[in-house]
Each structure stands twice: as C-alpha cells, then as structure tokens.
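Summary of structural features
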Amino acid sequence: MHTAVDVIRSKRDGQELTGEQIDWVIDAYTRGEVADEQMAALAMAVFLRGMGPAETARWTAAMVASGEVLDLGAVRRPTVDKHSTGGVGDKITLPLTPLVAACGAAVPQLSGRGLGHTGGTLDKLESIPGWRAQLSAEEIQRQLNSIGAVVCAATTGLAPADRKLYALRDVTGTVESVPLIASSIMSKKLAEGAQSLVLDVKCGSGAFMKTFPQARELAEALVGIGTGNGVRTSALITDMSVPLGRAVGNALEVREAVEVLRGRGPADITELTLALAREMLALAGLSEVDPEPVLADGRAYETWCRMIAAQGGDPEAPLPQATCVEPVLAEEDGVLQRLDAYAVGVAAWRLGAGRARKEDAVDHSAGVRCLVKPGERVSRGQPLLELHTDRPETVPAAREALAGGYEIGEQAVETGPLVLDRVRKA
C-alpha cells in the first residue's frame, strides 16, 4: 500500500522511485486522491534530487496512461510527428507537415497555442479564414489517410495528469526541472500515438534553454523517454539566438510559410524544414525519398492547400493585415551585428501577436517583420524592422522591448550553423 508521504520521502532522500510508486502517485493525483500540496512537495523533491532515465520514462508513461491515447492503427502510412520546444518566428510546422506528407508519411501534428514571447501553431493557422483547430479522433484518422497531414488541437482526454501537474509547477517554482519538462512534453506527444518522433530542441536567447549544455541535456532526456516507451525518437538541437525567417506574428508567419512552400521563402526556414523532413522520413523508413524536389516542384504546396481546405480554411483567402505599420530605423551606417530573438519576440507579443494568459485573444495581424538580418549592411535612416498592429497604442511598448535588442557595427559577421547537433539513441 503506497502513501503520498512515503513517495515524497523516498525522493526527498535521493532514492530512485519504483515503477509501482510512480504509477500509483500519478494515477492518485489525477483522481484527486493525492492533494496539490503533496504533489507540490514531490515536484520540489524531483526538482532538487532529479530523476534517472528509467524513472523519467516511467513517469511519462504513467502520465500517458492517465488519459486516452489516439489510436492511429487504421492509418495506412507510417506515422511520424515533430515537436519544437518553441521559439521566435518558428513557423516550421506549417511547411514541414505537408512536405513530409507529400513524401509518403502521415503526420499527426497536434499543436498548441502561444504563451508569452513564443508563438503557437494554432494561433497562426487561425488567421486563415474558416480554418478550424478542433477535430475528432475519427476526423484526424480520415484526414491522415486521405491527405497524410493534419495540424489540430489536442483532444482534452490526452494526458490529463500533465495538465494538472503543469499548472502546479507554474506556481511552485519547479518549471525548470529537466525530467519534469521532458515528461510534460513527451506525455502529450506519446499520447498522439505516432510510431516515430523528431524533436526540434531550440537553443539561444529566444528559447527556453538558453545554453547548448542545457539544450543537450533536454534533448537527451526527450530521446531517452521516447526510446524507453517504444517510439523511434531523435532530436536536432537548433539555434534560436536570431528569429527564424523574417516574419514574427500569426498571419505574417503563415504568409512566409506559404512562400517557402512555393519555393521562394527565406533560406533559414527552407534549410531547417528540409533538415527536419529528412530526419522524420529516416525514422519513418522513407529515407530514400529526397524532400528537396518535393518542396521545389509544388507537391508540398498542393498538400498544404488540401490540408487547409479539409479543416474548413480557404488557402487562397487574403490574410489579415495590420492597420498600423511603423518602422524601426537604423541610427547609423554599418552591418547589423546582432538581432536578439527574445527582444523581437517580446515586441511582437506587446503588439498583440501573443498572450499573457491562456484565455487572452490574439491579434492575428500583429507582429514584427525583420527587414534586415545579422550580416546585412544598413544605412542610417533605413528601416530595420516593421511593427504591425491594429492597436497603435502598443507601439511604444514594442519599441521599448527592442531597445538594446539589436546592434550595428563595422565588422563582418560570421553566422553560425542553424543545426547545432543531433541526438539519437544507438
């Protein structure tokens, strides 16, 4: 017979929790038998003492078992999913999902909404007139078989233990625990039921993990959990010190993603989309398929149009455009040395592109366009950035967020690689 106090004491004293202890405490907490204050104490013990790979994998499996698992057994293609840990201008899901589907896989991309300075995929897609995020399990299966691509909201029955624990971690100072971060991410992804999973772990000022060692630790934990739960899993660690592409904000990012699908988008978005596509296809057993010509010849764009239309959207409809567009001007001649992803993300959020609380609405037209990227030359008075919003009163706060967020100098700038590392279990 287990008790919450016994489990708390075990972890407090640095012991490894048994599988039975983990299964019991997650189930009892989900049912309300373990109180919030007891789970808060356990979360703090995990934060201070850590969990080993086996414990973290079992903890994740228990959270998956707390709810439904999406049954993709009737999907005829190999299923592979992608998860990003979040960044600024990270619209990669939008071109990547139809691209991988056009190469022969099925991509069940259950996505979320933005909070704070990082954008949410559902918010971006909801800027398309008529598009709907909520699909039933039957609709998801049908769309995966007919098109191979779906981006939608997770059903409420997936990993309910994670929803409870996530809210608790937020108010108890235990958010930064790598085992708890990793199990939170993976419980939702494993509940989606895909056979393979690729993780895009962001690293840099605009990411949750600011340093490479932190990002590497999280990537290894995520891959270990996936592999430990029988899912083929790998991770790419990618740079998030500079915004991805030139658009930050919902409709602005959709417009840029469509440019990528039409073969003329920013080089960094195209590069990362292809790198992740190759990784996903390799795990799905389709490594012989080269995604580059599929992106270049329009097949991925055709799949995008079918995917959007299947969910009620009009892929040809005009997207929202801001009524107020204000430039940020260069104060001197030179080369842009630095453009801080976090500063740009906060500016976009203040303009209305993001939300401070989950219940807040977003302005789909709001955001920032990066007219100049690091390494490019500028002249005094030239626009560096554009601030887009329907609420002109937000512009001063956005300008304040950008103060110190960019730097102009004379020396040439060496831009580093976009993909920093790859993590996969042998």
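Residues numbered from 1 in each chain as written. Predicted model: local features only at pLDDT ≥ 70, side-chain atom pairs only at ≥ 80, totals over all residues. Heavy atoms only, no water.

- As named in an unreviewed UniProt entry, the protein is Pyrimidine-nucleoside phosphorylase, taken from Saccharopolyspora rectivirgula.
- The Sequence similarities (unreviewed entry) field of the UniProt record for the protein holds the comment "Belongs to the thymidine/pyrimidine-nucleoside phosphorylase family." (UniProt positions renumbered as here; feature names shortened; annotations may be inferred.)

**Notes on the overall build of the protein**
- Across its full length, the protein holds 16 helices and 13 strands.
- A compact globule built from 426 residues should have a C-alpha radius of gyration of about 22 Å, and the protein, at 22 Å, falls within 12% of that.
- Along the first, second and third principal axes, the C-alpha atoms of the protein reach 70 × 45 × 40 Å.
- Expressed as a percentage of the 426 residues in the protein, the buried residues total 55%.
- Long-range pairs, those at least 24 residues apart, make up 79% of the contacts in the protein between residues at least 6 apart in sequence.
- Of the roughly 17,300 Å² of accessible surface on the protein, a fraction of 51% belongs to carbon and sulfur atoms.
- Side chains of the protein carry 44 positive and 56 negative charges; the gap between the two charge centres is 2 Å. (Helix = DSSP H or I, 4+ residues; strand = E, 2+ residues; numbered from the N terminus. Rg over C-alpha atoms; globule rule 2.2 N^0.38 Å. Buried < 20%, exposed > 50% of the residue type's maximum accessible area, 1.4 Å probe, protein only. Contact = heavy atoms within 4.5 Å. Areas by Shrake-Rupley, 256 points an atom, 1.4 Å probe, with all protein chains shown as cover. Lys, Arg positive; Asp, Glu negative; His and termini not counted. Charge placed at Lys NZ, Arg CZ, Asp CG, Glu CD.)

**Observations concerning the sheet that holds strand β11 (residues 383-389)**
- Spatial strand order, β6-β9-β11-β7: 4 strands in an open sheet with antiparallel pairing. In the strand order of this sheet, the two ends are held by β6 (247-248) and β7 (324-329), each with one partner.
- Bridge analysis of β6 against strand β9 (residues 367-370) gives 2 bridges, and the strand direction is antiparallel. The residue of β9 that forms the bridge with A247 is R369.
- Across the sheet, helix α15 (residues 341-353) is in contact with β6, β9 and β11; its angle to β9 comes to roughly 140°. (Pairing = 2+ DSSP bridges. Axes fitted to C-alpha atoms, helices over the stretch in contact; angles between N-to-C directions.)

**Remarks on the sheet that holds strand β10 (residues 377-378)**
- Pairing in this open sheet of 3 strands is antiparallel, and the strands run β10-β8-β12 from one edge to the other. With one partner strand each, in any of the chains shown, β10 and β12 (406-409) form the two edges of the open sheet.

**Examining the domain arrangement of the protein**
- Split into domains, the protein comes out as domain 1 (4-49), domain 2 (80-317) and domain 3 (324-409).
- One C-alpha centre belongs to domain 1, the other to domain 2; they are set 31 Å apart.
- Facing 11 residues of domain 1, the contacting portion of domain 2 comprises 11 residues.
- At the boundary of domain 1 with domain 2, total buried surface from both sides reaches about 980 Å², with 77% on carbon and sulfur atoms.
- Contact with domain 2 buries surface across domain 1, with Y29, T30 and F47 losing the most and accounting together for 47% of the total.
- Linking domain 1 with domain 2 are 0 salt bridges, by the criterion used here.
- Counting across the interface, domain 1 meets domain 2 through 1 residue pair in polar contact (both at pLDDT 80 or more).
- Secondary-structure elements contributing two or more residues to the side of domain 1 that touches domain 2 are α2 (19-31) and α3 (36-49).
- If you tally residues by element for the side of domain 1 that touches domain 2, the top one is α3, at 7 residues. (Domains from an automatic or database assignment. Buried area = accessible area lost by both parts, 1.4 Å probe. Salt bridge = Lys/Arg side-chain N within 4 Å of Asp/Glu carboxyl O. Polar contact = N/O pair within 3.5 Å; in protein donor to acceptor, adjacent residues only side chain to side chain.)

**So, the nonpolar core**
- One finds V100 and W304 to be the most contacted residues of the largest nonpolar core, which totals 78 residues.
- Taken domain by domain, the makeup of this core includes at least three residues from each of domain 2 (80-317) and domain 3 (324-409).
- In this structure W304 touches L94, P98, L125, I128, V254, V258 and L261, once residues within four positions along its chain are discounted.
- Core analysis: the second largest hydrophobic core is formed by 34 residues, C152, A191, A215 and I237 among them. (Core = buried A, V, L, I, M, F, W, Y, C linked by side-chain atoms within 4.5 Å.)

**A short note on the environment of D81**
- Position of D81 relative to the elements: it lies in strand β1 (residues 80-84).
- Since its relative accessible area comes to 1%, D81 is described here as buried.
- Separated by 201 residues in sequence, D81 and A282 have C-alpha atoms that sit 12 Å apart.
- Those residues in contact with D81, other than ones at most four positions away along the chain, are P108, Q109, K189, E192, A194, S196, L197, V198 and M280.

**A few points about unusual backbone geometry**
- Here the phi dihedral of A159 falls at roughly 45°; this positive angle occurs in a residue that is not glycine.
- Relative to the helices and strands, A159 resides in the loop between β3 (149-153) and α8 (160-170).
- For A159, a relative accessible area of 1% gives the class buried.

**Here we look at the packing of α2 against α3**
- It is the contact of α2 with α3, at a shortest axis distance of 10 Å, that shows an interaxial angle of 145°. Crossing handedness for the pair α2 and α3: left-handed. Residues V25, I26 and Y29 of α2 form the contact with α3, whose participating residues are D36, M39 and L42.
- Class assignment of the residues belonging to the contact of α2 with α3 gives a composition of 5 nonpolar, no polar and 1 charged. (Left-handed = near helix turned anticlockwise from the far one by under 90°. Nonpolar A, V, L, I, M, F, W, Y, C, P; charged D, E, K, R; others polar.)

**With respect to the packing of aromatic side chains**
- Scanning the entire structure with this criterion turns up 0 aromatic pairs.
- Geometry around Y29 places K164 over its ring, the cationic atom sitting 4.4 Å from the centre. (Phe/Tyr/Trp six-rings, centres within 6.5 Å; stacked < 30°, edge-to-face > 60°. Lys NZ or Arg CZ within 6 Å of the ring centre and 35° of its normal.)

**Some points on helix α4 (residues 53-65)**
- Its 13 residues give α4 an end-to-end C-alpha distance of 18 Å, which sits within 8% of 18 Å, the value for a rise of 1.5 Å per residue.
- Those residues of α4 that fall on the buried side of the exposure criterion are E55, T56, A57, W59, T60, A62, M63 and V64.
- Buried residues belonging to α4 abut α1 (4-12), α2, α3, α8, α9 (178-191) and α10 (212-228). (Expected span 1.5 Å × (residues − 1).)

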